[in-house]
Each structure stands twice: as C-alpha cells, then as structure tokens.
Amino acid sequence: MEKSNLTTLCYIEKGDQYLMLHRVKKQKDVNKDKWIGIGGHFEQGESPEDCLIREVKEETGLTLTGFSFRGIVTFSAAGWQTEYMCLYTADRFQGELTECDEGTLEWVKKEELMSLNLWEGDKIFFRLLMEDAPFFSLKLSYEGDRLIEAVLNGRSLELLELCQEDGSLTGVVRERSMVHENGDLHRTSHIWILRPGKAEGFQILMQKRSSCKDSYPGCYDISAAGHIPAGGGYLDSAVRELEEELGIQAQPEDLKEAFLHLGYAESEFYGKPFKNAEVSMVYVYDLPVECSRLKLQQEEVESVGWMDYETVLSEVRRETADGTTEKYCVFLDELEQLGAWVRENQKQKE
C-alpha cells in the first residue's frame, strides 16, 4: 500500500537538549546522513496525535505524556509526492531510550544543533521553535538537496547561495537571516551613482536607509545595493535594485563594472548579532539623475542626496578609526577603491 503523504515530526526536549536521530543505518534513505527528529507517516485511521505517539514509541521506546502542536510544514520536491508534516515538540515523557533501526539517537544541546548536518529548511523551523514562534505554516521546496523556495505564513523568504572569496558558488542555499546570523559568505551587488563635482572631484548619491531596516537603520549607504538571490547574477540584480530602490530603469550596458570587493562587518541590531560577510560586484552608474524624480522604495530608503566624495571619505575614515557606525554603513576600503577607479578612468579619457 502506498504511504500516506501525511506525516508527523517531533523534537523531544530534555532541559537544553533535543533528542535527534542521525539517519545512518539505511543505505536507501532520502535522509541519509542527516540529523532529524522523530516521526513518520500516518497509518489508516490515525489522527496526528495517534501517529505522533506511535512513531515516538516505535523509534525511541519513550511514551509521550506532554506535547505541543507547533506548525504545519509542506515539503515539495520534483519527482516526489508533496508531503504535509505536523510538527511537534514534547517536554514530558516516560520510559528509557531503546535502539532505533532508523539511525542513532542522541541528545544534542540546542546551541549545537545548527552545526549538525541538517536539511537547510529544517534550520528555518528549528529557529522558529527555539524562538517560541506562534503556530506557523512553512512551505519548503527542494531540487535534490538544494532548497529553492521557503514560504512562511504565505510570505516568501529570501534565499541566498553561499560563495567562496572569489565569488564562485558553493551550491549551498540558505535563508537570508540565517546567513547574517552565521556570518556566511554571500554575494551582493553595489551600485554607486556618480556625477562631476567641484574642480576635479566628484559627487556620489548616498541613500539614507529606512529607520525600520533590520540592519543599520537610518545610516547613509551606497546609492543602491542588494543581495543576489539564489539562481541570480550580479548584473541582473544590480539593474533590479536600481529600479526597486530608486525607480531608475537602467539598461545593463548603463552599468560599468568597476571591481570585486570582499567585505566583513559585525554588529548587533534589536538584540541580535548581525554578521555581514559579502563578495560584492561594484558598479558605477554615471548617467544624469535628478533626486526629485526618483521613486524611493519607502520600506528600504528614507531619502537620497548628493555628497562630495572627499567629504564622505573623510567622515567614513573617522568613523572607521573610532569603531562606530553613527552616520555611514559603507566599507572604507571599497570607498577608497571607488576613488582610485574614478581617477584611473579619468586618466584614460585624457
């Protein structure tokens, strides 16, 4: 008989630990070598709780006496039947652990969970569990082991592909907030909008970040910038960010590729650590721009304004020396490289 596409999964708690199952005993196992919770498919006539209690007893020898229904997780993958999983946590049980024929059972500290070989989507609902999030619906779509979509309560989550220092991709796709929690290296596009200034100098269009941003709220930033979504490229993301943030409908050929920048910054916002490790393709846009005609993305950009490059450079140098980000959130070395690039281009035109 074909297995039901309804399943349960339970994470049993004991103090600061979860009971985890390391799936290492079966050769043909979609979860081979992964760490997961306890659960399985519904049998005919079972309720979610019936399935939960039976599966825990069969796989661990424990009898649950207290548990909570935490959410519904929908799994979708090419070539597989869509699975609807009832997700539970349990904090009361009786009995002693027995050996499991699915894999090796082990109590793992919650703070160590993310270092295990987990499905990337599982890391998302683990965080929701540990943050004691209200009942949720999470959809996770995969191509093989690669996470290609994550939707939480009907809202798509941003997925980024991790990379090496030269920008080459690793194949690992991770949710954006977790990338910044871990300090994982990822790709971004930076677009500096320039115009001639006084004498031989030039001006840069600086955007002031919205006060509701999850990082560096209210700080002056690059003209436009953004993450490269998994499956995307530097240039198409740069064109998109210009239009989304500023309303500038640029063509790819309007952007001049300047240099690749490797940057790292660490801070804390709203009580949470924020680690930004990025490989950025830096572009220059020097076509005429009138600030009054720009259409700012309100949730991202509070305002924009032209500033003299040398003034910005001096102030960023001071903030970098002081170890503060009171006004700016740009990398000093990127700003210096931008100045060198502009000077070199001016020489070539002469």
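Our subject is the structure listed above.
S.K.: Explain the environment of Gly144 to me, please; I cannot follow it from the model alone.
M.R.: Along the chain, the position of Gly144 falls in the loop between β8 (136–143) and β9 (146–152). Between the C-alpha atoms of Gly144 and Ala77, which are 67 residues apart in sequence, the distance is 7.4 Å.

S.K.: So what exactly am I meant to see when it comes to the side chain of Arg23 here?
M.R.: The topology assignment puts Arg23 in the loop between β2 (17–22) and β3 (35–36). A relative accessible area of 11% places Arg23 in the buried class. Within the structure, Arg23 has its side chain in polar contact with the side chain of Glu102 (distance 3.3 Å). Not counting residues up to four positions away in its chain, the partners in contact with Arg23 are Asp29, Asn31, Lys32, Asp33, Lys34, Ile36, Glu102 and Gly103.

S.K.: What's the story with helix α5 (residues 309–322) in this structure? I'm lost.
M.R.: Think of an α-helix as turning once every 3.6 residues; residues three or four places apart then point the same way. A rise of 1.5 Å per residue sets the reference length of α5, with its 14 residues, at 20 Å; its end C-alpha atoms lie 20 Å apart and thus fit the reference within 8%. Looking at the buried side of α5, the elements it contacts are β14 (202–209), β19 (301–308) and α6 (332–349). Phi for Gly323, located one or two positions after α5, is positive at around 75°.

S.K.: Hey, could you run me through the packing of α5 against α6 in this one?
M.R.: The packing of two helices is summarised by the inter-axis angle and the distance between the axes. Orientation of α5 relative to α6, taken along the N-to-C sense of each, is 155°, at an axis distance of 10 Å. Considered as vectors, α5 and α6 are oriented roughly antiparallel to each other. Judged by the twist between their axes, the crossing of α5 over α6 is left-handed. Contacts from Tyr309, Val312, Leu313, Val316, Arg317 and Thr320 of α5 reach α6 at Leu332, Leu335, Glu336 and Gly339.

S.K.: Sorry if this is basic, but what is going on with the packing of aromatic side chains here?
M.R.: Within a pair of aromatic rings, the relevant descriptors are the distance that separates the centres and the angle that separates the planes. With the rule as written, the count across this model stands at 15 aromatic pairs. One aromatic cluster is present, built from ring pairs that chain together Tyr11, Tyr18, Phe125 and Phe126. Across the ring face of Trp119, the terminal group of Lys34 is positioned such that the distance to the ring centre comes to 4.4 Å. The ring of Tyr18 has Lys110 lying over it, and the distance from NZ or CZ to the ring centre is 4.9 Å.

S.K.: Sorry if this is basic, but what is going on with α6 here?
M.R.: In a regular helix each residue adds 1.5 Å, so 18 residues correspond to 26 Å; α6 covers 26 Å between its end C-alpha atoms and thus fits that length. All buried positions along α6 are accounted for by Leu332, Glu334, Leu335, Leu338, Gly339, Trp341 and Val342. On its buried side, α6 packs onto β13 (185–196), β14, β17 (256–269), β18 (272–285) and α5.

Criteria and cut-off values
Residues numbered from 1 in each chain as written. Predicted model: local features only at pLDDT ≥ 70, side-chain atom pairs only at ≥ 80, totals over all residues. Heavy atoms only, no water. Helix = DSSP H or I, 4+ residues; strand = E, 2+ residues; numbered from the N terminus. Buried < 20%, exposed > 50% of the residue type's maximum accessible area, 1.4 Å probe, protein only. Polar contact = N/O pair within 3.5 Å; in protein donor to acceptor, adjacent residues only side chain to side chain. Contact = heavy atoms within 4.5 Å. Expected span 1.5 Å × (residues − 1). Axes fitted to C-alpha atoms, helices over the stretch in contact; angles between N-to-C directions. Parallel < 35°, antiparallel > 145°, perpendicular 65-115°, else oblique. Left-handed = near helix turned anticlockwise from the far one by under 90°. Phe/Tyr/Trp six-rings, centres within 6.5 Å; stacked < 30°, edge-to-face > 60°. Lys NZ or Arg CZ within 6 Å of the ring centre and 35° of its normal.

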